[in-house]
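# Working through the structure, step by step
Below, each chain spelled out in residue letters.
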Amino acid sequence: MADDAANGVGMPQLDLSTFSNQIFWLIVTLFVLYYVMSRVALPRVAAVLADRRGTITSDISAAEEFKLKAQAAEEAYHKAKADARAEANRIVEAAKAEMQAQLDVQIAKADAEISARTAESERRIREIRDSAMEMVSEVSKEATKDILEAFGAKADARSVNAAVSARLKEGA
Amino acid sequence: MEGDIAEMGKFIGVGLTAIGMGGAAIGVGNIAGNFLSGALRNPSAAAGQTAMLFIGIAFAEALGIFSFLVALLLMFAV
Amino acid sequence: MANESSGFEIRPMDQFEVKALFGGDISWYTPTNVTLWMALTVVAASVLMIYGARGRALVPTRAQSAAEMAYGFIYKMVEDVAGHDAVRFFPHIFTLFMFVLFANLLGLIPFAFTTTSHIAVTAVLALTVFLSVTALGFILNGTKFLGLFWVSSAPLALRPILALIELISYFARPISHSIRLAGAMMAGHAVAKVFAGFASALGAAFFVPVLAVTALYALELLVAVIQAYVFTILTCVYLRDALHPSH
């Protein structure tokens, strides 16, 4: 501060003799900078930014499209799956029905055979029993006639037969 | 030290002017503190108000710089 | 300079001296260190915005990303603060921002000259903004621009007083606008210089002021960017007043 007087001024900012110089160069600088920025730099940066925005937008729309496609594919897959399941069910049902029908036919056939055989057997059993009964009554009549003849009695064939039949019927 | 009453007064004045910067410091601290307490209450609104924060700080700080400038003028230009 | 060796002498204002580059007297056209550092400001801004962004790549490099960030930041600021119709003044505001930002940042280089620490420079910047914004207000709105000073929401009796206050604050705008920037730049550099002077005076304890200067340098880096931001955003605020004077 002692040499303020020697320097002429303590604060260079207040040295009015340099003002015109600073202001002149400032104005030149501002014009140059404005020219460079507005003519060269800013349009370029703006173009790059617009370019990027366009790319991003188109990329996003492409992604949207792919997403839609994927959704459609998924829907088609689900539909095919449901169709296949229905088809499989239908086939299973048909096979079951066919098997049931065949089974029914077989069972009916087997039933018919069984009943036929049963009827046959019953018929034969009846025949055998009938013939056995015939033979019993025949033998009884013969034996009765023989017994009566052996006792010397004159046997009336008709009445003997009737009596034997009546007794047999009682016993049966 | 030779007695130069004018020089002494100048330095006392410079010292007094420096107090003004404390006022600016209080102001800036007040703004920042209030902004922070507001921002903590409603953090979603804070991001949009940082410009207002800086404008407020700039206004408060300008007054401190004025006192600093007066101090410099007293020191070097008077 | 002779008495520097004689004792404890710090000359924080010497760094702001305007010197002719090639000697001689300083007239209005003499190339000075002002010329040099302003030219470097233009070069630095152009390097970032043109050379840095030369690739025009879809996925930007670091420099291109910084250039695009500066562009987007100022564009959004103009749009948000000054309104959508202020976008046509975007190149002017961007130029202003770039100039102040790079002048502040280049001034932080040791031994550099800080052009924005001079009131002559910032006053011209602020007056340019003030005059063009005022002219714009009158051209676009006519006498309705005076509605800026006539607070219609206040009681009628208070309005003349408010108008006077508004008028004074309006004319105080360029003063605070310019002195804020110059003062912030000057203060930081002067304080750094004072601390550096302590380092040479303290001898063995030199590292204490050196650490302080380091911390201060970080703060100054922040201040340089914030002052450029504030200068620009205030320009946008003034521009909004000119475009939409009714508030």
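Residues numbered from 1 in each chain as written. Chains lettered and ligands numbered in written order. Predicted model: local features only at pLDDT ≥ 70, side-chain atom pairs only at ≥ 80, totals over all residues. Heavy atoms only, no water.

## A closer look at the overall build of chain A
Applicable threshold: Numbering of helices and strands starts at the N terminus; helices are DSSP runs of H or I of at least 4 residues and strands are runs of E of at least 2. The quantity called the radius of gyration is restricted to C-alpha atoms. Its globule counterpart is 2.2 Å times the number of residues to the power 0.38. Only protein chains enter the accessibility calculation, which uses a 1.4 Å probe; a residue whose area is less than 20% of its type maximum is buried, one above 50% is exposed, and one in between is partly exposed. Surface exposure here means Shrake-Rupley accessible area, sampled with a 1.4 Å probe, where a residue is shielded only by the protein chains that are shown.
Regarding its fold elements, chain A presents three helices and zero strands. Along chain A, from the amino end to the carboxyl end, the secondary structure elements read α-α-α. Against the globule reference of 16 Å for 172 residues, chain A gives a C-alpha radius of gyration of 66 Å, more extended than a compact globule. With respect to the principal axes defined by its C-alpha atoms, chain A has extents near 200 × 40 × 15 Å. The burial tally for chain A puts 16% of its 172 residues in the buried class. Just so you have it, chain A exposes about 12900 Å², and 62% of that area is on carbon and sulfur atoms.

## Section: the confidence of the model for chain A
Selection rule: pLDDT is defined as a per-residue confidence score from the predictor, taking values between 0 and 100.
On average, residues of chain A score 87 in pLDDT, and 93% of them reach the 70 mark or higher. At the level of individual helices and strands, chain A shows its lowest average pLDDT in helix α1 (residues 4–7) of chain A, which scores 41, and its highest in helix α2 (residues 19–150) of chain A, which scores 92.

## Notes on the side chain of C:T232
Residues and elements named next belong to chain C. Convention followed: In what follows, residue pairs with any heavy atoms lying within 4.5 Å of each other are defined as contacts.
With respect to the helices, strands and loops of the structure, T232 is situated in helix α6 (residues 207–243). T232 sits in the buried class, given a relative accessible area of 1%. The contact partners of T232, leaving out residues within four places of it in the chain, are I74, M77, I93 and F97.

## Things to note about the interface of chain C and chain A
Spelled out, the test is: Summed over both partners, the accessible area lost on bringing two parts together, with a 1.4 Å probe, is the buried area. Between Lys or Arg on one side and Asp or Glu on the other, a salt bridge is scored when a side-chain nitrogen of the former is within 4 Å of a carboxyl oxygen of the latter. Under this definition, polar contacts are N or O atom pairs within 3.5 Å; protein pairs additionally need one hydrogen-donor-capable and one acceptor-capable atom, and for neighbouring residues in sequence, both atoms have to be side-chain atoms. Ten residue types, Ala, Val, Leu, Ile, Met, Phe, Trp, Tyr, Cys and Pro, are classed as nonpolar, four, Asp, Glu, Lys and Arg, as charged, and the remainder, Gly among them, as polar.
Tallying the contact residues gives 44 residues for chain C and 36 residues for chain A. Across the interface of chain C and chain A, roughly 3700 Å² is buried in total on both sides, 73% from carbon and sulfur atoms. For the pair chain C and chain A, the number of links is one salt bridge. A salt bridge links C:E68 to A:R52, with the nearest nitrogen and oxygen atoms 2.7 Å apart. Applying the counting criterion to the chain C and chain A interface returns nine residue pairs in polar contact (both at pLDDT 80 or more). Going through the elements one at a time, α1 (33–51), α2 (62–82), α3 (90–107) and α4 (119–141) of chain C are the ones with two or more residues in the side of chain C that touches chain A. Top contributing element to the side of chain C that touches chain A by residue count: α1(C), with eight residues. Class assignment of the residues belonging to the side of chain C that touches chain A gives a composition of 29 nonpolar, ten polar and five charged.

## Here's the deal with the packing of aromatic side chains
Residues and elements named next belong to chain C. This is how the line gets drawn: Each aromatic pair joins two rings of Phe, Tyr and Trp (for Trp, the six-membered one) with centres within 6.5 Å, and gets the label stacked for planes under 30 degrees apart, edge-to-face for over 60, and tilted for any other angle. A ring is scored as having a charge over it whenever the NZ atom of a lysine or the CZ atom of an arginine sits within 6 Å of its centre and within 35 degrees of its normal.
The tally for this structure, following the rule as stated, stands at 19 aromatic pairs over all chains. When the ring of F138 is compared with that of F145, the centres are 5.0 Å apart and the planes differ by 70°; the resulting orientation is edge-to-face. Members of the aromatic cluster, each reached through a chain of ring pairs, are F130, F138, F145, F149, Y170 and F171. R54 extends its terminal NZ or CZ atom over the ring of Y51, reaching a point 4.1 Å from the ring centre.

## Concerning the pattern of salt bridges
Residues and elements named next belong to chain A. In this structure the tally under the stated criterion is eight salt bridges over all chains. As a salt-bridge pair, K79 and D83 come within 3.7 Å of each other at their nearest N and O atoms. Linking K79 with D83, this pair stays in helix α2, spanning four residues, or about one helical turn. A relative accessible area of 56% places K79 in the exposed class. By relative accessible area, which is 45% here, D83 ends up partly exposed.

## A few points about the nonpolar core
Quick note on the threshold: Buried Ala, Val, Leu, Ile, Met, Phe, Trp, Tyr and Cys residues form a nonpolar core when they are joined through side-chain atoms within 4.5 Å.
Judged by nonpolar contacts, the single largest core of 88 residues is most densely connected at A:M37, C:M49, C:F94, C:M98, C:F99 and C:L239. At the level of elements, α2 of chain A, α3 (50–77) of chain B together with α1, α2, α3, α4, α5 (159–202) and α6 of chain C are the ones that each hand at least two residues to this core. The biggest single contributor to this core is α6(C), with 14 residues. If we ignore the near neighbours within four places in the chain, the residues touching A:M37 are A:L42, A:P43, C:A45, C:S46, C:M49, C:F94, C:T95 and C:M98.

## Considering the interface of chain B and chain C
Each partner contributes to the interface: chain B provides 13 residues, whereas chain C provides 17 residues. Here chain B is connected to chain C by zero salt bridges. Looking at the side of chain B that touches chain C residue by residue, the classes come out as twelve nonpolar, no polar and one charged.

## What about the side chain of A:K141?
Residue and element names in this part refer to chain A. For clarity, the cut-off: In this tally, Asp and Glu contribute negative charge and Lys and Arg positive charge; neither His nor the terminal groups of the chain are included.
With respect to the helices and strands, K141 occurs in helix α2. We note that K141 is buried and unpaired, the nearest opposite charge coming from E138 at a distance of 5.3 Å. In this view, K141 contacts V160, N161, V164 and S165; residues no more than four positions away in its chain are not counted.

## Quick notes on the environment of C:L101
Residue and element names in this part refer to chain C. Looking at where L101 falls in the secondary structure, it is placed in helix α3. By relative accessible area, which is 12% here, L101 ends up buried. Remark: the alpha-carbon pair of L101 and M186, spanning 85 residues in sequence, is separated by 15 Å. Excluding residues within four positions of it along the chain, L101 makes contact with V225 and A228.

## A word on the packing of α2(A) against α2(C)
Our working definition: Angles here are taken between N-to-C directions and fall from 0 to 180 degrees, while the axes themselves are lines fitted to C-alpha atoms, restricted in helices to the stretch in contact. Here the angle decides the label: under 35 degrees means roughly parallel, over 145 means roughly antiparallel, 65 to 115 means roughly perpendicular, and every other value means oblique.
Contact geometry of α2(A) with α2(C) gives a least axis separation of 10 Å together with a crossing angle of 95°. On the basis of their axis angle, the class for α2(A) and α2(C) is roughly perpendicular. Contact residues: A:L42, A:V45, A:A46, A:V48, A:L49 and A:R52 in α2(A); C:Q64, C:E68 and C:Y71 in α2(C). Of the residues contributing to the contact of α2(A) with α2(C), the split by class is six nonpolar, one polar and two charged.

## Digging into a negative patch on the surface
Put simply, the rule reads: Candidates for patches are residues over 30% relative accessible area with no salt bridge; among them, like charges are joined within 9 Å and nonpolar side chains (Val, Leu, Ile, Met, Phe, Trp, Tyr) within 5 Å. By convention, the point assigned to a charge is CZ for Arg, NZ for Lys, CD for Glu and CG for Asp.
Taken together, the side chains of A:D130, A:E134, A:E138, A:E142, A:D146 and A:E149 define an acidic patch exposed on the protein surface. Within the fold, A:E138 resides in helix α2.

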